[in-house]
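# Structural overview
Here is what each chain is made of, one letter per residue.
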Amino acid sequence: MTALTVRTENVSVRFAGVPALDRLDLRLAPGKIHGLLGRNGSGKSTLAAALAGFRRPDEGRVLIEGGDLGAAQEPYENAVVTSRVCLIRESGDRPDAVPVKYAVGLAAALRPYWDADLAGDLLDRFEIPLNKKIQKLSRGKKSALGVVVGIASRAPLTIFDESYLGMDVPSRNLFYDMLLADYVEVPRTIVLSTHLVSEVSTMLEEVLILDRGRLVTQSPVDALRGRGASIVGPAAAVDEFTAGFTVLAEERLGGTKSTTVLGDLDPALLAQATAAGLEIGPVGLQDLFVHLTGAKA
Amino acid sequence: MFDDRSPIYLQIAEQIKNDIVSGALAEDEQVMSTNQYAAFYRINPATAAKGFAQLVDDGILYKKRGIGMFVTPNARDLLRTGRRDSFFADVVDPMIREAKAIGIPLNDILQHVRSYGDA
């Protein structure tokens, strides 16, 4: 088991004085698939870059530990750590004027846990021609090359930062299937950064939601499912019932009101609501995500 | 396949229970491994394992070390008894409420039920 643990301590990154990450404290447990969710501009990519040592935080520290690394180390300018951390971005971060096989050979040389057979199999499945120059590939094939390198590197910390956005639905599904199959084979710490919540949600074990550079919530994904509830009924009764809850959203239609709240409704509360003529419904993960990261709270 | 509104592990457990009640999974039959299940339905292996663990706790599945998980011999009876207990509250009562709301006399329902004979 070589999976790595990640911690950030008070990490801030600013662009021209504007914080992209704002005093972020978090911990990613080893060997799990973490979903890093957030809207565009929430700081997901900046966080991914800081975790992979592509960027040094303006304040605070990123610490990576465990597996064959042992004690905590910072990834920035640290070859031992960065060879074990694989960040795949849509841009590719690679020279484009060379054939595919050179990019694959480079990854093979740099990645200590590289699996050449797996790489060959994945290149076949995604139908990526080895001798073609990368710049001649379609956007979808470039993305696919990125995910092939990401999976075959078998890096103890692997981060996919929206790297599959350029791929069509069948290719994305192939990516999800291949990633999951290989993760079962070789468990490692995986971060999937995305705003396509519903597409990846079943694959995740943990979820982090970022909003404006801050951590909104971190939780096992199954705990988040069913954490919200929508309460519908006569406005006065709804208001009375939801008084003690964190309200995420409210909508009114005539005398009827629908309020979305955060929190667990135990059976006693459910009975009370039913008695008051209110309807209680669950809130899906995607909706919860939208509410938690919406402009208005 | 899975919806987003309740924990997936519960949905997995529910699905396997349905297969047992319908007879699609026979008693003492081996069920898919959690990893096969995870790959097939594209879900996190830890989530699948949690769903299966719940079924083991409930006595619906049992483990054979090193081989896999199997349907407990009396699982179907256990599940059917449980569902019978809640049948009227879960199925019949809502139907009667709906019938009253839309104006179907209970006698019409009884007649319809009788047309199935006494199976």
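Residues numbered from 1 in each chain as written. Chains lettered and ligands numbered in written order. Predicted model: local features only at pLDDT ≥ 70, side-chain atom pairs only at ≥ 80, totals over all residues. Heavy atoms only, no water.

### Looking at unusual backbone geometry
Most peptide bonds are trans, and most residues other than glycine sit at a negative phi. Of note in this structure, Arg212 of chain A is not a glycine but carries a positive phi near 50 degrees. Structurally, Arg212 of chain A can be placed in the loop between strand E9 (206-211) and strand E10 (214-220). The exposure class of Arg212 of chain A is exposed, given its relative accessible area of 55%. With phi around 65 degrees, Asp28 of chain B is a residue other than glycine that occupies positive phi space. Within the secondary structure, Asp28 of chain B is located in the loop between helix H1 (8-22) and helix H2 (34-41). (Helix = DSSP H or I, 4+ residues; strand = E, 2+ residues; numbered from the N terminus. Buried < 20%, exposed > 50% of the residue type's maximum accessible area, 1.4 Å probe, protein only.)

### Some details on helix H3 (residues 45-57) of chain B
The end-to-end C-alpha distance of H3 of chain B is 18 Å, a good match for the 18 Å that 13 residues give at a rise of 1.5 Å each. Among the residues making up H3 of chain B, those that are buried are Pro45, Thr47, Ala48, Gly51, Phe52 and Leu55 of chain B. In a view along the axis of H3 of chain B, the buried residues occupy a sector of 165 degrees, so they form one face of it. Residues of H3 of chain B that are buried in the fold lie against helix H6 (169-185) and helix H8 (221-224) of chain A together with H1, H2, strand E1 (61-64) and strand E2 (68-71) of chain B. One or two residues past the end of H3 of chain B sits Gly59 of chain B, with phi positive at roughly 80 degrees. (Expected span 1.5 Å × (residues − 1). Arc of directions from axis to C-beta. Contact = heavy atoms within 4.5 Å.)

### Side note on the layout of surface pockets
As a volume, the largest pocket reaches approximately 570 Å³. As for the largest pocket, its lining consists of 26 residues, and the residues nearest its centre are Leu87, Gly92, Asp93, Leu110 and Arg111 of chain A. Elements that contribute at least two residues to the lining of the largest pocket include exactly helix H2 (79-82), strand E6 (85-89), helix H3 (100-110) and helix H5 (139-152) of chain A. Sort the elements by how many residues they give to the lining of the largest pocket and E6 of chain A lands first, with five residues. For the lining of the largest pocket, the class distribution of residues is 15 nonpolar, six polar and five charged. Computed from the structure, the second largest pocket encloses a volume of approximately 310 Å³. In terms of lining residues, the second largest pocket is bounded by Phe87, Phe88, Val91, Val92, Met95, Ile96, Leu106, Ile109, Leu110 and Val113 of chain B. Those elements that provide at least two residues to the lining of the second largest pocket are helix H4 (75-102) and helix H5 (106-114) of chain B. Looking at the lining of the second largest pocket element by element, the count peaks at six residues for H4 of chain B. Along the lines of polarity and charge, the residues of the lining of the second largest pocket split into ten nonpolar, no polar and no charged. (1 Å grid on protein atoms, 1.4 Å probe; cavity = no way out; pocket = protein on both sides within 12 Å on 5 of 7 lines; lining within 4 Å. Points joined across faces, edges and corners; volume = space filled by probe spheres on them. Nonpolar A, V, L, I, M, F, W, Y, C, P; charged D, E, K, R; others polar.)

### Considering the nonpolar core
All names here are of chain A. Grouped together as the largest cluster of nonpolar side chains are 51 residues, with contacts concentrated most on Phe126, Ile128, Leu145, Phe160, Phe175 and Leu192. Per-element accounting of this core gives the leading share, seven residues, to H5. For Leu145, the residues in contact, after removing those within four places along its chain, are Arg94, Val100, Val104, Leu123, Ile128, Ile134 and Leu137. (Core = buried A, V, L, I, M, F, W, Y, C linked by side-chain atoms within 4.5 Å.)

### Considering the packing of aromatic side chains
What characterises a pair of aromatic rings is the spacing of the ring centres plus the angle enclosed by the ring planes. With the rule as written, the count across this model stands at ten aromatic pairs over all chains. Where Phe175 of chain A meets Tyr176 of chain A, the ring centres are 5.6 Å apart and the plane angle is 45 degrees; that geometry is what we call tilted. You can call Phe175 of chain A buried: its relative accessible area is 0%. Their ring planes at 85 degrees and their centres at 5.4 Å tell us that Phe87 of chain B and Phe88 of chain B sit as a pair that is edge-to-face. By way of ring pairs, the aromatic residues Phe160, Tyr164, Phe175 and Tyr176 of chain A are connected into one cluster. Sitting above the plane of the Tyr9 of chain B ring, Lys50 of chain B keeps its charged end 4.2 Å from the centroid. Of note, Lys64 of chain B hangs over the ring of Phe70 of chain B, and the distance from its end group to the ring centre comes to 4.3 Å. (Phe/Tyr/Trp six-rings, centres within 6.5 Å; stacked < 30°, edge-to-face > 60°. Lys NZ or Arg CZ within 6 Å of the ring centre and 35° of its normal.)

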